[in-house]
Amino acid sequence: MQFQHDLISWFAAEKRDLPWRRTADPYQIWISEIMLQQTRVDTVIPYYKRFIEKFPTLNDLAEADEQILLKQWEGLGYYSRARNLQAGVKEVAENYGGIVPDNRKEISSLKGVGPYTAGAVLSIAYGVPEHAVDGNVMRVLSRILLIEEDIAKPKTRKIFEEAVTEIISHEDPSSFNQGLMELGALICTPTSPKCLLCPVREHCAAFHEGRQHDLPIKTKAKKTKSLQYAMIAIRSNDKLLMEQRPATGLLANMWQFPMLETAADVLPLEIEEQLSENLKGIVDKAEKITSFKHVFSHLTWNVDGFIADSENIVAPEHMRWVTAEEMDLLPIAGPVQKMKTALQQRGDV
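Residues numbered from 1 in each chain as written. Predicted model: local features only at pLDDT ≥ 70, side-chain atom pairs only at ≥ 80, totals over all residues. Heavy atoms only, no water.

- As recorded in an unreviewed UniProt entry, the protein chain goes by Adenine DNA glycosylase and comes from Planomicrobium stackebrandtii.
- Listed under Sequence similarities (unreviewed entry) in UniProt, the entry text for the protein chain is "Belongs to the Nth/MutY family."
- Heading Catalytic activity (unreviewed entry) of the UniProt record for the protein chain holds this comment: "Hydrolyzes free adenine bases from 7,8-dihydro-8-oxoguanine:adenine mismatched double-stranded DNA, leaving an apurinic site." (UniProt positions renumbered as here; feature names shortened; annotations may be inferred.)

## So, the overall build of the protein chain
Item 1. Each helix and strand counted, the protein chain has 15 helices and seven strands in total.
Item 2. Taken over the C-alpha atoms alone, the protein chain extends approximately 75 × 50 × 35 Å along its principal axes.
Item 3. Counting across all 349 residues of the protein chain, residues that qualify as buried make up 50%.
Item 4. Long-range pairs, those at least 24 residues apart, make up 67% of the contacts in the protein chain between residues at least 6 apart in sequence.
Item 5. Total accessible area computed for the protein chain in this model is approximately 17300 Å², and 49% of it derives from carbon and sulfur atoms.
Item 6. With 40 positive and 48 negative side-chain charges, the protein chain shows a spacing of 4 Å between the two charge centroids. (Helix = DSSP H or I, 4+ residues; strand = E, 2+ residues; numbered from the N terminus. Buried < 20%, exposed > 50% of the residue type's maximum accessible area, 1.4 Å probe, protein only. Contact = heavy atoms within 4.5 Å. Areas by Shrake-Rupley, 256 points an atom, 1.4 Å probe, with all protein chains shown as cover. Lys, Arg positive; Asp, Glu negative; His and termini not counted. Charge placed at Lys NZ, Arg CZ, Asp CG, Glu CD.)

## Concerning the packing of helix α9 (residues 135-144) against helix α10 (residues 156-167)
Item 1. It is at 10 Å that the axes of α9 and α10 come closest, and there the two elements cross at 75 degrees. On the basis of their axis angle, the class for α9 and α10 is roughly perpendicular. Across the interface between the two elements, Val137, Met138, Leu141 and Ser142 from α9 touch Arg157, Phe160, Val164 and Ile167 from α10.
Item 2. The class makeup of the residues in the contact of α9 with α10 is six nonpolar, one polar and one charged. (Axes fitted to C-alpha atoms, helices over the stretch in contact; angles between N-to-C directions. Parallel < 35°, antiparallel > 145°, perpendicular 65-115°, else oblique. Nonpolar A, V, L, I, M, F, W, Y, C, P; charged D, E, K, R; others polar.)

## Thoughts on the packing of aromatic side chains
Item 1. Evaluation of the coordinates by the stated rule reveals six aromatic pairs.
Item 2. For the ring pair phenylalanine 51 and phenylalanine 55, a centre distance of 4.9 Å and an interplane angle of 65 degrees mean the geometry is edge-to-face.
Item 3. With relative accessibility at 4%, the residue phenylalanine 55 sits in the buried group.
Item 4. Grouping aromatic residues by their ring pairs yields a cluster made of Phe51, Phe55 and Trp73. (Phe/Tyr/Trp six-rings, centres within 6.5 Å; stacked < 30°, edge-to-face > 60°.)

## Quick look at the pattern of salt bridges
Item 1. Taken as a whole and assessed by the stated rule, the structure comprises 13 salt bridges.
Item 2. Three or more residues joined by partner-sharing salt bridges are found here, namely Arg235, Glu287, Asp309, Arg346 and Asp348. (Salt bridge = Lys/Arg side-chain N within 4 Å of Asp/Glu carboxyl O.)

## Some words on the packing of α9 against helix α11 (residues 173-186)
Think of two packed helices as two axes; the pair is described by the angle between the axes and how far apart they sit.
Item 1. At a closest axis distance of 8 Å, the pairing of α9 and α11 adopts a crossing angle of 85 degrees. By the angle between their directions, the pair α9 and α11 is classed as roughly perpendicular. Listed contacts from α11 to Asn136, Val137, Arg139, Val140, Leu141 and Ile144 of α9 are Leu180, Met181, Leu183, Gly184 and Ala185.
Item 2. Classifying every residue of the contact of α9 with α11 gives eight nonpolar, two polar and one charged.

## A few points about the environment of glutamate 106
Item 1. Looking at the secondary structure, you find glutamate 106 in helix α7 (residues 104-108).
Item 2. Overall, glutamate 106 belongs to the partly exposed group, its relative accessible area being 32%.
Item 3. Along the backbone, glutamate 106 and serine 291 are 185 residues apart, and their C-alpha atoms lie at a distance of 47 Å.
Item 4. If we ignore the near neighbours within four places in the chain, the residues touching glutamate 106 are Tyr96 and Pro101.

## Overview of the side chain of serine 276
Item 1. Mapped onto the elements, serine 276 comes out in helix α13 (residues 268-279).
Item 2. A polar contact is formed between the side chain of serine 276 and the backbone nitrogen of valine 283, at a distance of 2.9 Å.
Item 3. Not counting the four nearest positions on each side in its chain, serine 276 is found in contact with Gly281, Ile282 and Val283. (Polar contact = N/O pair within 3.5 Å; in protein donor to acceptor, adjacent residues only side chain to side chain.)

## Notes on unusual backbone geometry
Item 1. Looking along the chain, the bond that leaves leucine 215 and enters proline 216 is cis, with omega of 0 degrees.
Item 2. Within the secondary structure, proline 216 is located in the loop between α12 (205-208) and β1 (225-236).
Item 3. Positive phi, normally seen in glycine, also occurs at serine 192, with a value near 50 degrees.
Item 4. Examined against the element boundaries, serine 192 turns out to sit in the loop between α11 and α12.

## A short note on the pairing of strand β5 (residues 282-295)
Item 1. For β5 and strand β6 (residues 299-311), the ladder comprises 11 bridges, and the chain directions are antiparallel. Bridge pairing links glutamate 287 to isoleucine 307 in β6.
Item 2. Taking the residues between adjacent antiparallel strands as the criterion, β5 and β6 are bridged by three residues. (Pairing = 2+ DSSP bridges.)

So this is what it looks like as structure tokens:
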């Protein structure tokens, strides 16, 4: 098929030199695919290199302490990806002798491996002609095949999976699938597609009808929820109080400065009273030092950051008094990093 030939030839000539393209190890390709979910390639590259250095083999990751794993993932966001990846890797170590399954049924049964990741690992690592459909691929194929279904609807993915199954190269499924992804990243972009540079332009139904800017059809997502918090760095001599988030839910098991859900423009006195009561000691001299917004995929945190002094506080079970050096070893997420930066600029840590 000429479309396959034109796409694969272009990919061979123009593909970016990315570290995960230098290996056929299914474990390493699996890691790259999980990291690339909802994260830009440029951001992922240094994380991927450090991660492979820290956990070079599947067994290294299977046996890793979760806090060390989360520290390696720190800053990449969507931390459940890291926990699910480790859970899936443990299943491979225990049930498949450390060898990543080479068929869709078994690999899809692993924790955190959805239809896209399964298809990407199977086609890239094992050369199996399986579909790997993500938003990038849906955008490209909606234009090439003039598919007008709403790609925001989960059931639409099935249409694209069937389309890929029909047109995928059986000789080189790896280059075919990666070629579609690369085309979406470099040429067939969400806005202003570079049609004049496109290697498969003559096969593109949307281009021939002048409709490339109308596709894909995608309904707008619902407005994200907004929450207001106070985040408080509580001091005792040279130590600060840190708390570990619950084991499930958003930012599970990550560490943070104690937080309170508050009204906007909360007064320092209110912070002192609530924390003194919660921690059964004295929290005083609260001072606002920063304000910031942190956007997650489904909600926004509006945070006022405070620093405060304390007396007679024994850290509860899920909290810990730490020095600046000890804090550096704890896995913390983006909002906490913003607070930590504000404290560093003031010389408080």
